[in-house]
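# A look at the structure
Below are the chains, spelled out letter by letter.
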Amino acid sequence: MSGLEFLKKSISLWFGYVATMILGFFVFFILINILSPEEYGNYSLVLSIIASLSLAFYSIISDAITRFSTENDSPLYYGLFLELIFGFIIATILLILANQIENIYNKPLSMIIRITSIVFLFTPFIESIKAFNLGKKRVLKVTIINLILQILLIVLYLLFFYYNRNAIFAALAFVIANIFTFLFILKYISFKK
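Bear in mind the structure is a predicted one, so any value in this text is a computation, not a measurement.

Together, Phe 81, Leu 82, Ile 85, Phe 88, Ile 89, Ile 93, Ile 96, Leu 97, Ile 118 and Leu 121 give the surface a local cluster of nonpolar side chains, amounting to about 900 Å² of exposed area. Positionally, Ile 93 belongs in helix 3 (residues 74-105).

Here it is as structure tokens:
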């Protein structure tokens, strides 16, 4: 890759991340201003659990997909397979332990946990495709995926909060945004292997 091409792709990636961060700020603004403090606290607690588990299980595999995808496409399929296994295991554990987690925090979290745990069935696809495209130096595709997810979150939060302003509806919006993002990225996956 030439220096100019590297510079262009780096700037594109930077702008994409800045745009995603700005949209993320709007997501945060919507959540904090529409949900009550208690509802926001419950929802953000569950999202922090989801984010921690995602980081713990997906980041290493995604890094491997990015690093080795320059050689061929097989790291995408193997990495996706591993992430799907971990996603299924995490979703199952969260579904089973939702009441125990609720008791630990002494907050009404079990329904929010059950709803958001569904996201672990779709996140492997999203994270694998983003990592694969980064490895192939297709920064625009990564940016588009990130932006689509954030825009969907904004639209769905506003839509769901129009009907009901509670954390369960926020969790539903979060899951549906991830499902639509998954449907968008399906065109990048070929199931030939």
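Right, let's talk about unusual backbone geometry for a bit. One non-glycine residue, Asn 106, adopts positive backbone phi at about 55°. Among the secondary structure elements, Asn 106 is positioned in the loop between helix 3 and helix 4 (110-117). Despite not being glycine, Lys 137 has its phi angle at roughly 65°, a positive value. Here Lys 137 is to be found in the loop between helix 5 (123-135) and helix 6 (139-163). A relative accessible area of 36% places Lys 137 in the partly exposed class.

Under the counting rule described, the total for this entry stands at twelve aromatic pairs. With a centroid separation of 5.4 Å and 40° between ring planes, the pair formed by Phe 57 and Phe 86 is classed as tilted. In this pair, Phe 57 is assigned in helix 2 (residues 37-68) and Phe 86 in helix 3, connecting sequence segments 29 residues apart. Of the aromatic side chains, those joined through ring pairs into one cluster are Phe 25, Phe 26 and Phe 29.

Conventions used here
- Per-chain numbering applies: the sequence of each chain, read as written, is numbered from 1 onward.
- In keeping with the model being predicted, local features are shown solely for residues with a pLDDT of at least 70 and side-chain atom pairs are shown and tallied solely at 80 or more, while totals for entire chains, interfaces and linings include all residues.
- With hydrogens and water excluded, all non-hydrogen atoms of the structure serve as input to the side-chain values.
- To count toward a patch, a residue needs a relative accessible area over 30% and no salt bridge; like charges are then connected within 9 Å, while nonpolar side chains (Val, Leu, Ile, Met, Phe, Trp, Tyr) are connected within 5 Å.
- The Shrake-Rupley method, run with a 1.4 Å probe sphere, supplies the accessible areas, and residue values consider only the shown protein chains as cover.
- What makes a salt bridge here is a side-chain nitrogen of Lys or Arg within 4 Å of a carboxyl oxygen of Asp or Glu, nothing more.
- A helix here means a DSSP run of H or I that spans at least four residues, while a strand means a run of E at least two residues long, and both kinds are numbered starting from the N terminus.
- Categorising residues by exposure relies on relative accessible area from a 1.4 Å probe, with only protein chains included: less than 20% of the type maximum marks a residue as buried, more than 50% marks it as exposed, and the intermediate range marks it as partly exposed.
- What counts as a ring pair is set by centres within 6.5 Å for rings of Phe, Tyr and Trp (its six-membered ring), and what kind of pair is set by the plane angle: stacked under 30 degrees, edge-to-face over 60, tilted for all other angles.

Purely geometric stuff here, so don't read any function into it on its own.
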